[in-house]
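Coordinates in review
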Amino acid sequence: NAGSNQIGASTCGLTTLSLAANIPNSGVGTWSVQSGAGGTIQSTSSPNSLFTGVSGSTYLLTWTIANTCGSSQSDVLIAFNQNPDTALAGNDSTICASAIQLGANIPSFGTGFWKSITGTGIFSDTLLPNSTISNLSAGIHTLVWEITSPVCGSSYDTLTIQVDSLPAVLFAGNDQTICDSTSTV
């Protein structure tokens, strides 16, 4: 018995783990890598050997027990699931406009998307790190850039945009032409 598959969230961010094969009653056990690049078994004859691989890679290992009467084999699947990239939403901003182009990081692993927590606004494309958000009203808008991975959860960063109102247009009266020094404005 090569042990249970190790493919879930418990392997997120790992590149080394302990194998869990049965101890042979008779004969010698040997680990081998059947598929997956860059995997190393520390001690091929130890049922509980450490196995090291590459983040984001999946491996098929075989535990073979052989004695004078023959051999038996069992396989185990190992997936070193990759955590999502750290989300970086960009710098908080104060603007005097109703739209702004955002500047989050582009994930090398995971899927990024924008969402609005408070305030108004319409994203040009929630999946683009450099999306434009428009129709912002005066006030504070809180946005989140989140990067998710299929197995290992998500990373997020918050961005605050403060939209200041433009000052009111003042009217000081009509233009006047002054011909002497005693005119009243």
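Residues numbered from 1 in each chain as written. Predicted model: local features only at pLDDT ≥ 70, side-chain atom pairs only at ≥ 80, totals over all residues. Heavy atoms only, no water.

**Quick notes on the overall build of the protein chain**
In plain terms, the rule: Strands here mean DSSP runs of E at least two residues long; helices mean DSSP runs of H or I at least four residues long; both are numbered from the N terminus. When we talk radius of gyration, it's over C-alpha atoms, and the globule rule is simply 2.2 Å times the number of residues to the 0.38. In this description, contact between two residues means that some pair of their heavy atoms is separated by no more than 4.5 Å. To be clear on the numbers: accessible area is Shrake-Rupley with a 1.4 Å probe, and residue cover counts the displayed protein chains and nothing else.
In terms of helices and strands, the protein chain carries 0 helices and 13 strands. Start at the N end of the protein chain and walk to the C end: the helices and strands fall as β-β-β-β-β-β-β-β-β-β-β-β-β. Taken over the C-alpha trace, the protein chain has a radius of gyration of 31 Å; the compact-globule value for 185 residues is 16 Å, which it surpasses by more than 25%. C-alpha extents for the protein chain along the principal axes are approximately 125 × 25 × 20 Å. Long-range contacts, defined here as pairs at least 24 residues apart, represent 56% of the contacts in the protein chain between residues at least 6 apart. For the protein chain, the accessible area works out to roughly 10800 Å², and carbon and sulfur atoms hold 52% of it.

**Regarding the pattern of salt bridges**
Here is the rule: Definition used for salt bridges: Asp or Glu carboxyl oxygen within 4 Å of a side-chain nitrogen of Lys or Arg. Remark: exposure states derive from per-residue accessible area (1.4 Å probe, protein chains only) relative to the maximum for the residue type, with buried under 20%, exposed over 50%, and partly exposed in between.
Throughout the structure, instances matching the rule amount to 1 salt bridge. For lysine 115, the salt bridge is made with glutamate 146, and the minimal N-O distance between the two is 3.0 Å. One end of the pair, lysine 115, is in strand β9 (residues 111–118); the other, glutamate 146, is in strand β12 (residues 139–149), and 31 residues separate them in sequence. Look at glutamate 146 and you get buried, because its relative accessible area is 11%.

**Describing the sheet that holds strand β4 (residues 50–52)**
For clarity, the threshold we go by: Two strands pair under a simple rule: DSSP has to find at least two bridges between them.
Strand order across the open sheet formed by 3 strands is β1-β4-β3, with antiparallel pairing between neighbours. If you trace the sheet from one side to the other, it starts and ends with β1 (16–18) and β3 (40–41), each paired once. Here β1 runs beside β4; their pairing, made up of 3 bridges, is antiparallel. By the bridge assignment, leucine 17 is partnered in β4 with phenylalanine 51.

**A few points about the environment of tryptophan 114**
As a reminder, the rule being used: Residues adjacent in sequence count toward polar contacts only when both atoms are side-chain atoms; beyond that, a polar contact is any pair of N or O atoms within 3.5 Å, and within protein one must be able to donate a hydrogen and the other to accept it.
With respect to the element layout, tryptophan 114 can be found in strand β9. Among the residues examined, tryptophan 114 registers a relative accessible area of 2% and is labelled buried. When near neighbours in sequence (up to four residues on either side) are disregarded, tryptophan 114 contacts Ala89, Leu102, Ala104, Phe123, Thr126, Leu128, Pro129, Ser131, Leu143, Val144, Trp145 and Leu159. Of note is the side chain of tryptophan 114, whose polar atom sits 3.0 Å from the backbone oxygen of leucine 128.

**Description of the state of the cysteines**
Structurally, a disulfide amounts to a covalent bond that connects the sulfur atoms of two cysteines. Counted only if it meets this: Note that a disulfide, as used here, is simply two cysteine sulfur atoms within 2.5 Å.
Within this structure, the stated rule accounts for 1 disulfide. Disulfide pairing is shown between cysteine 12 and cysteine 152; the S-S distance is 1.9 Å. Between cysteine 12 and cysteine 152 the disulfide shows an S-S torsion of about -90°. By sign, it is left-handed. Of this pair, cysteine 12 sits in the segment before β1 while cysteine 152 is found in the loop between β12 and β13 (153–163), placing the two residues 140 residues apart along the sequence.

**Structural notes on the packing of aromatic side chains**
Rules: Aromatic contacts are taken between Phe, Tyr and Trp rings whose centres are within 6.5 Å, Trp giving its six-membered ring; a plane angle under 30 degrees counts as stacked, one over 60 as edge-to-face, and the others as tilted.
Counted according to the given criterion, the structure contains 6 aromatic pairs. An angle of 45° between the planes, with centres 5.0 Å apart, marks the rings of tryptophan 31 and tryptophan 63 as tilted. Taken together, the positions of tryptophan 31 in strand β2 (residues 28–35) and tryptophan 63 in strand β5 (residues 58–67) put the pair 32 residues apart, joining distant regions of the chain. Residue tryptophan 31 is classed as buried on the basis of its relative accessible area, which comes to 2%. An angle of 15° between the planes, with centres 6.3 Å apart, marks the rings of tryptophan 114 and phenylalanine 123 as stacked. Accessibility expressed as a relative area gives 16% for phenylalanine 123, which makes it buried. Here the aromatic residues Phe51, Tyr59 and Phe80 are joined through ring pairs into a cluster of three or more.

**Comments concerning the environment of leucine 61**
You can see leucine 61 is positioned in strand β5. Since its relative accessible area comes to 0%, leucine 61 is described here as buried. Each C-alpha atom of the pair leucine 61 and aspartate 75 lies 5.6 Å from the other, and the pair is 14 residues apart in sequence. Beyond its immediate stretch of four places on either side in the chain, leucine 61 contacts Leu19, Trp31, Ser32, Val33, Gln34, Phe51, Ser74, Asp75, Val76 and Ile78.

All we've got here are geometric facts, nothing functional implied.
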